[in-house]
Amino acid sequence: MPPVAEGMIPPATCPGRSLGRGSWRWLAIRSAADRSSQSLELARNTAAGAAKGQCPLETLPGKGVWLVVCVLVMGWWCWGGGTALAETAIAVEVDPRETVVGRPVVLRVLVPGDASAVIDIAPIVDFTVTPRGRVVGSRTGPDGRPGVVTAYRFELTPRRSGNGLIPALSVATGGTRLTTSPATVVVRPDPGPPPTLAGKAILLDAALSRPNPYRGQTVVYTLRLFRSVPASGIAITPPAFDGFTAVALPGQTDTELTAGGKRYAVSQVDYALTPLRTGRLALAPARARLSGIPGAPGPSVIDGPALEIAVRPLPPVPAGLPASELVGQMELDARVPAAPVAAGQEAGLEVVLSGRGNLAEAVLPAPMLPQGLSARRLSTQDTGGGGPDGFTGRRTVRFALRAESPGRYTLPGPRLAVFDPDREVWRVLSGPETVLSVTAAPAPDAALAPPLLAPAGNALSLAAPRTAYASGRFAEAAQGFEAALQNSCNGTALAVCLDTAASWRLAGDTGRAALWLYRAELAQPGDDAVAKARNAAGLPPLSPSLLLGNLLPRRTMLASGALAAAILVLLLLAVRRWRHTLPRGAWLMAGILAGWLALEAGWLALAPILAPRAVVTAATAALSAPEAEAEVLFTLPPAALVRLGPRRGGFVRVDAGNDALGWVARDTAVTRLP
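Since the structure is predicted, the reported quantities are computational estimates derived from the model, not experimental observations.

Engineer: With reference to specific residues and values, describe the overall build of the protein chain.
Structural biologist: Counting secondary structure elements, the protein chain contains nine helices and 37 strands. Of all intrachain contacts in the protein chain linking residues separated by at least 6 positions in sequence, the fraction that spans at least 24 positions is 65%. Roughly 35,100 Å² of accessible area belongs to the protein chain as shown, and the carbon and sulfur atoms make up 57% of that amount.

Engineer: An account of the packing of aromatic side chains is needed here, citing residue identities and associated values.
Structural biologist: Evaluated as defined, the whole model comprises six aromatic pairs. With a centroid separation of 5.4 Å and 80° between ring planes, the pair formed by Tyr 221 and Phe 241 is classed as edge-to-face. Placement of Tyr 221 in strand E13 (residues 219-227) and of Phe 241 in the loop between strand E14 (233-237) and strand E15 (244-248) is noted, with a sequence separation of 20 residues between them. For the residue pair Tyr 221 and Phe 241, the accessibility class agrees, reading buried in each case. The positively charged end of Arg 312 is found above the aromatic ring belonging to Tyr 214, 4.0 Å away from the centroid. Cation over ring: Arg 519 sits above Trp 516, and NZ or CZ is 4.6 Å from the ring centre.

Engineer: If you had to explain the sheet that holds strand E19 (residues 287-291) to someone new, which residues and values would you point to?
Structural biologist: Paired through backbone hydrogen bonds, the strands of a sheet run either parallel or antiparallel to each other. The three strands are arranged E14-E19-E20 in an open sheet whose pairing can be described as antiparallel. Each edge of the open sheet is held by one strand with a lone partner, namely E14 and strand E20 (300-303). Mean inter-strand twist for the sheet, computed between neighbouring axes without regard to direction, equals 15°.

Engineer: So what about the sheet that holds strand E24 (residues 346-357)? Which residues, and what values?
Structural biologist: Read from one edge to the other, the open sheet built from six strands follows the order E25-E26-E24-E22-E28-E29, with strand pairing classed as mixed. Two strands bound the open sheet, and with one partner strand each, they are strand E25 (373-387) and strand E29 (425-430). Direction aside, the axes of adjacent strands within the sheet are offset by 20° on average. Direction of pairing for strand E28 (residues 415-420) relative to E29: antiparallel, over a ladder of six bridges. Looking at E29, one finds that Leu 416 is bridged to Leu 429.

Engineer: Any details on unusual backbone geometry? Residues and values, ideally.
Structural biologist: Its identity is not glycine, yet Phe 241 carries a phi of approximately 55°, on the positive side. The exposure class assigned to Phe 241 is buried, which follows from its relative accessible area of 8%. Notably, Ala 639 is not glycine yet its phi reads approximately 80°, a positive angle. Using a relative accessible area of 15% as the deciding quantity, one classes Ala 639 as buried.

Engineer: How would you sum up helix H6 (residues 510-523)? Please name residues and give values.
Structural biologist: Side chains that are three or four residues apart share a direction in an α-helix, a result of its 3.6 residues per turn. For H6, with 14 residues, the first-to-last C-alpha span of 20 Å sits near the 20 Å given by 1.5 Å per residue. Counting buried positions over the 14 residues of H6 gives twelve, a clear majority of the element. Within the span of H6, buried status applies to Gly 511, Ala 513, Ala 514, Leu 515, Trp 516, Leu 517, Tyr 518, Arg 519, Ala 520, Glu 521, Leu 522 and Ala 523.

Engineer: Give a detailed account of helix H4 (residues 474-485), specifying residues and quantitative values.
Structural biologist: Spanning twelve residues, H4 covers 16 Å between terminal C-alpha atoms, matching the ideal 16 Å at 1.5 Å per step. Of the positions making up H4, those classed as buried are Phe 474, Ala 477, Ala 478, Phe 481, Glu 482, Ala 484 and Leu 485. When H4 is viewed along its axis, its buried side chains cluster within an angular range of 165° and face the same direction. Elements that come into contact with the buried residues of H4 comprise helix H3 (463-470), helix H5 (494-506) and H6. One or two steps after H4, the chain reaches Gln 486, where phi turns positive at roughly 60°.

Engineer: Please provide a residue-by-residue account of the environment of Thr 180, values included.
Structural biologist: Within the secondary structure, Thr 180 is located in the loop between strand E10 (176-179) and strand E11 (183-188). Thr 180 gets classed as buried once you look at its relative accessible area, which sits at 4%. Those residues in contact with Thr 180, other than ones at most four positions away along the chain, are Ile 90, Val 92, Val 109, Pro 167, Ala 168, Leu 169 and Val 171. A polar atom in the side chain of Thr 180 sits 2.8 Å from the backbone nitrogen of Leu 169.

Engineer: Explain the pattern of salt bridges to me, and be specific about the residues and the numbers.
Structural biologist: Tallied over the entire structure, the rule returns 17 salt bridges. In this structure, the salt-bridge partner of Glu 256 is Arg 263, at a minimum N-O distance of 3.3 Å. Of the two residues, Glu 256 and Arg 263, neither departs from the other in class, the shared state being exposed. The partner of Asp 303 in a salt bridge is Arg 287, and the shortest N-O contact between them spans 2.8 Å. Here Asp 303, found in strand E20, pairs with Arg 287, found in strand E19; they are 16 residues apart in sequence, far enough to count as distant. By relative accessible area, which is 45% here, Arg 287 ends up partly exposed. If you follow the salt bridges from partner to partner, you end up with Asp 333, Arg 335, Glu 350 and Arg 398 in one network.

Engineer: Give me the lowdown on the packing of H5 against H6, citing residues and values where you can.
Structural biologist: To describe two helices that pack against each other, one gives the angle between their axes and the distance between the axes. Interhelical geometry of H5 versus H6 gives an angle of 160° and a closest axis separation of 7 Å. Relative to H6, the element H5 lies roughly antiparallel. Handedness of the H5/H6 crossing: left-handed. Contacts between H5 and H6 involve Leu 494, Cys 497, Leu 498, Thr 500, Ala 501, Trp 504 and Arg 505 on the former and, on the latter, Arg 512, Ala 513, Trp 516, Leu 517 and Ala 520. In the contact of H5 with H6, the residues fall into nine nonpolar, one polar and two charged.

Engineer: Report on the side chain of Arg 227, specifying residues and quantitative values.
Structural biologist: Of note, Arg 227 is situated in strand E13. For Arg 227, which is buried and forms no salt bridge, the nearest opposite charge comes from Asp 254, at a distance of 6.6 Å. Separated by 3.4 Å, the side chain of Arg 227 and the backbone oxygen of Val 229 make a polar contact. Those residues in contact with Arg 227, other than ones at most four positions away along the chain, are Ala 201, Ile 202, Ile 234, Arg 263, Tyr 264, Ala 265 and Leu 290.

Engineer: For the pairing of strand E12 (residues 202-208), give the residues involved together with the corresponding values.
Structural biologist: Most of E12 sits out of view: five of its seven residues are buried. Pairing analysis gives seven bridges linking E12 to E13, with the strands arranged antiparallel. For Ala 206, the partnering residue across the bridge sits in E13 and is Leu 223.

Engineer: Please give an account of the side chain of Asp 499 that cites residues and values.
Structural biologist: Relative to the helices and strands, Asp 499 resides in helix H5. Lacking a salt bridge, the buried Asp 499 has Arg 466 as its closest oppositely charged neighbour, with an N-O distance of 5.3 Å. Sequence-distant contacts of Asp 499, that is, excluding residues within four places in its chain, are made with Leu 452, Leu 453, Ala 454 and Phe 481.

About the thresholds
- Residues numbered from 1 in each chain as written.
- Predicted model: local features only at pLDDT ≥ 70, side-chain atom pairs only at ≥ 80, totals over all residues.
- Heavy atoms only, no water.
- Helix = DSSP H or I, 4+ residues; strand = E, 2+ residues; numbered from the N terminus.
- Contact = heavy atoms within 4.5 Å.
- Areas by Shrake-Rupley, 256 points an atom, 1.4 Å probe, with all protein chains shown as cover.
- Phe/Tyr/Trp six-rings, centres within 6.5 Å; stacked < 30°, edge-to-face > 60°.
- Buried < 20%, exposed > 50% of the residue type's maximum accessible area, 1.4 Å probe, protein only.
- Lys NZ or Arg CZ within 6 Å of the ring centre and 35° of its normal.
- Pairing = 2+ DSSP bridges.
- Axes fitted to C-alpha atoms, helices over the stretch in contact; angles between N-to-C directions.
- Expected span 1.5 Å × (residues − 1).
- Arc of directions from axis to C-beta.
- Polar contact = N/O pair within 3.5 Å; in protein donor to acceptor, adjacent residues only side chain to side chain.
- Salt bridge = Lys/Arg side-chain N within 4 Å of Asp/Glu carboxyl O.
- Parallel < 35°, antiparallel > 145°, perpendicular 65-115°, else oblique.
- Left-handed = near helix turned anticlockwise from the far one by under 90°.
- Nonpolar A, V, L, I, M, F, W, Y, C, P; charged D, E, K, R; others polar.
- Lys, Arg positive; Asp, Glu negative; His and termini not counted.

Put into structure tokens, the structure is as follows:
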């Protein structure tokens, strides 16, 4: 019997076990330390009375009080607790999902709450069932919140090879009868001693759980070392596993067997292999090194057999289903915050793929967004680990949703195709439809707005926008500042440029605010006021990747570059006449400095042509092709900085970083930077 969890005792059965039905009722005993024999007997009597529909008042003091308590508790279960439990799915876990004849697996039936339950195990005929008690603990549910769960554990020993079926089980708890989902366990024949072991003292054997898996389907590679002689040091080196992703399964099995009149010690290690390509893949021989064998002059090296595995390609995805290379048993979920968010603020969207298979390699698609909603991909998190069925756990992809105007935005449920290798069919996973409620953003208080940077006596005509800014009409003020600037942030107009960005930010237009901040940074790189305003807006720096280009204004750099080019030409002309007057090192250093300055200025002049950049001023859909009817790959949020690529048919390709490439119409809200 496996050890019981710390602080727990094996649950006792109800005295009246029904052998015909094969059902068990476990006593709700939490700890042996805080239960006396008297209270244990009381709990048993209570359970027996409850099974007969009676409340054993003769064993309890204060009959009237306990009668009221029984009535209230039964009423709660019938009207509140029973209804809540009926609406909650009971989960089933089997570990591992592959085994051999005679080697047991663990079945866990997870019942929400900590109340007792009756589980009918009579339908299980492919296994010998041994109850192993229950454990009450906490587990995170599909909504991401922890809750109390009672795990009823059973040890299932397979009786024959093949697909062992665990049918749907009936669970009775709190006056409600629920049904679990069926499960399947792959049972392989007991390998026993290999035929090549006859007459040998040491043998390294290798085997595969299945010879012809599908691409992406995990198989178990087993190494077994047989030895009838003692050894002080053993090291096993597996093959390179070319063409597979390999995960060493935890634990090492050490057993003994008798073959040919000899007693062998058997050490077994397993690896989970997931094929990455189709066709015949070769597995080189493994190697074992043993030292300290009596009578051997030195270490002994034993090679295992070479194996070959035939990997089948996945069948074509049925028409109308999204393309996928996922293999296994998985479920798809999506959720957004239930509380409404203000317009212009970001809300989190989580798309969760859970189950077992190659889900750690899954690329979840970007969500389908309604008009007026933008999204940006944040992070991907994997929870779980590798096992004989592949990665078991969940992959969570997070997106940031943003809406510039209030409303109720409905996101269609995500869809994903997954191949079920047990049934050899494609399944379509559909996540739930989610709704994001966006409220109007509160109007900023004009009294709390930061002071303008441009002085009142500026040469530009700023009286009207300054008045609008002071009155809280920030969008009107931003438009007035733009009209006065005429798209230029050079010289004394830098402060007005920053005021324009601040006005747009207060008006809720983050895209145009980012545009003017980047224009200010291009006009005056290295300026502290520009860097401070950019950091306050949460924008990444716009670095030209140059030493002096990050410090000097653009006009200064271009003028210095032109001057440096002229000096370089004059130096080349003067070297021939005055080369004996100054040392050669001085001429060389002067030429390097002049050439470096000219190159930096030349790059600043050519970069907008060779590698143009642009700012997204409004949410823009990026398409998979330069066509109006093409699929939407992702949505560029306002204030995103992108690089512009080739143009084709009224579209331009944009690069948003992290391999996010798409096509946008040239007349969309993407403004090119100088």
